[in-house]
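# Structure at a glance
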Amino acid sequence: MKQFKSLAIPDNYEDLLPELKSKTLKWQTVHYSGTKINSSATISYYETPSQNPYGNIILSPGMCTNTNIDPLMKTLTYWALSHRHNVITFDTFLGKFYDTPTVENARKITYKEFVTILESCVDFIEPYSINQQNILIGHSAGATGIIDALNNTVKKGKKTNITSVMLFAPWPGSQWFNSLKKIVYTRCESNNFKTPYGILPITNIFDVHECNHTRYVTLMPKFLADMTSTQFRPDLMNKWDTYITIVAGEKDKKTSLELLQERFSILEKESNHKRFKFIILPNAKHSFLDVYENNRAVISLIQSQRRKSRK
């Protein structure tokens, strides 16, 4: 593992993280969407051992991963808890792995339901985020879902206590998902594994390392189609009453840099444009951890958000 000394993170932070999380876990709950599907998410609240915390770091991981295995989320969790931040995590059904892929589970994983459970999670944590800085960080599908969830909140005329929103590689493109489907179906065919109704059994190498065998998050192709076709609403994002930073990876092949630049240029025309920022991390891929310098850049971004306040 590369050195994290500039971030004050020890080289063996992954070995130390389980104990740190165990000691700082204040509460954990299974929260339900309340829809007909009534999907669930695990919300966890970790309280930093440091006195006078700066506020909350709220994490929404991407597709087919969760905050227990995702390298970006693990790094942010360790850094935050050891640097005077509380941590709140949203782990939805989109990162819940099963030993056997099933059609029943796949049909429950709709993009609309994903957005609904994220919106419900934001509502649930409101009492724990009053009168302090709250930085919501979403990555990939987790960022896209957060955008639509906060847009729904605006449509309902509701306010949140979120101060800043950092969106890492939101709006992944349909071209990447078409490639993903081809890869998954080819793997299934080579393993003589039938995919009824075109379900997509997706694995994650970090989950395989964690549990020592292969498990699956099972999606229907429609989930990908619905997420990639979600409507861009700069008028609603303008009303979040938060700072918004869109973070792009220069070498990201899953999210189009050109699309992010184009949408930010439109967002800049809104009345709250001074609150919005667009950043490209040099050489970064979709994970944002492939190049060491980006670890420092990500932490610096969070620190810059911490200094912001509502005006």
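Note: the structure precedes this text.
Given the structure is predicted, the values throughout are model-derived calculations rather than measurements.

### A short note on the pattern of salt bridges
Oppositely charged side chains are able to pair whenever their charged atoms sit close together. Taken as a whole and assessed by the stated rule, the structure comprises ten salt bridges. The closest approach of N and O atoms between Lys23 and Glu19, which form a salt bridge, is 3.0 Å. Of this pair, Lys23 and Glu19 are both found in helix H1 (residues 13-24), four residues apart, which corresponds to roughly one turn of the helix. Residue classification places Lys23 among the exposed positions, given a relative accessible area of 66%. Between Lys158 and Asp123 there is a salt bridge; the shortest N-O distance is 2.9 Å. Linking Lys158 in the loop between helix H5 (141-155) and strand E6 (164-168) with Asp123 in helix H4 (residues 111-124), this pair joins segments that are 35 residues apart in sequence. Asp123 gets classed as partly exposed once you look at its relative accessible area, which sits at 30%.

### Observations regarding unusual backbone geometry
Even without being a glycine, Asn212 presents a positive backbone phi close to 65°. Accessibility expressed as a relative area gives 67% for Asn212, which makes it exposed.

### Some words on the environment of Thr65
Structurally, the position occupied by Thr65 is in the loop between strand E3 (55-60) and helix H2 (71-81). Counting along the chain gives 123 residues from Thr65 to Cys188, while the straight-line C-alpha distance between them is 20 Å. Residues contacting Thr65, with those up to four places away along its chain left out, are Asp70, Leu94, Gly95, Phe97 and Asn204.

### Regarding the layout of surface pockets
Its volume calculated, the second largest pocket comes out at about 470 Å³. Along the walls of the second largest pocket sit 24 residues, with Ser40, Thr92, Phe93, Lys96 and Tyr98 positioned nearest its centre. Elements that contribute at least two residues to the lining of the second largest pocket include exactly strand E1 (25-32), strand E2 (40-46), strand E4 (85-92) and helix H3 (103-108). With five residues, the top contributor of residues to the lining of the second largest pocket is E2. The residue makeup of the lining of the second largest pocket, split by class, is seven nonpolar, 13 polar and four charged.

### Quick word on the side chain of Glu270
Tracing the backbone through its elements, the reader meets Glu270 in the loop between helix H10 (257-267) and strand E10 (276-281). In this structure, Glu270 is buried with no salt-bridge partner, the nearest side chain bearing the opposite charge being Lys239 at 8.0 Å. Ignoring anything within four residues of it in the chain, the contact list for Glu270 reads Pro234, Asp235, Asn238 and Phe276.

### A word on the environment of Ile58
One can find Ile58 in strand E3. We classify Ile58 as buried; its relative accessible area is 1%. Separated by 32 residues in sequence, Ile58 and Phe90 place their C-alpha atoms 7.7 Å apart. Apart from residues lying up to four places away in sequence, Ile58 is in contact with Ile88, Phe90, Ile125, Asn134, Ile135, Leu136 and Ile137.

### Notes on H2
Counting buried positions along H2 gives ten out of eleven residues, so the element sits mostly inside the fold. Of the residues making up H2, those classed as buried are Leu72, Met73, Lys74, Thr75, Leu76, Thr77, Tyr78, Trp79, Ala80 and Leu81. With a side-chain oxygen positioned 3.1 Å from the backbone nitrogen of Leu72, the residue opening H2 is Asp70.

### So, the environment of Phe232
Along the chain, the position of Phe232 falls in the loop between helix H8 (221-228) and helix H9 (234-237). For the pair Phe232 and Ala80, spaced 152 residues apart in sequence, the C-alpha to C-alpha distance is 31 Å. Contact partners of Phe232, with chain neighbours within four places excluded, come to Trp171, Met237, Arg263 and Ile266.

So, how was this worked out
- Residues numbered from 1 in each chain as written.
- Predicted model: local features only at pLDDT ≥ 70, side-chain atom pairs only at ≥ 80, totals over all residues.
- Heavy atoms only, no water.
- Salt bridge = Lys/Arg side-chain N within 4 Å of Asp/Glu carboxyl O.
- Helix = DSSP H or I, 4+ residues; strand = E, 2+ residues; numbered from the N terminus.
- Buried < 20%, exposed > 50% of the residue type's maximum accessible area, 1.4 Å probe, protein only.
- Contact = heavy atoms within 4.5 Å.
- 1 Å grid on protein atoms, 1.4 Å probe; cavity = no way out; pocket = protein on both sides within 12 Å on 5 of 7 lines; lining within 4 Å.
- Points joined across faces, edges and corners; volume = space filled by probe spheres on them.
- Nonpolar A, V, L, I, M, F, W, Y, C, P; charged D, E, K, R; others polar.
- Lys, Arg positive; Asp, Glu negative; His and termini not counted.
- Polar contact = N/O pair within 3.5 Å; in protein donor to acceptor, adjacent residues only side chain to side chain.

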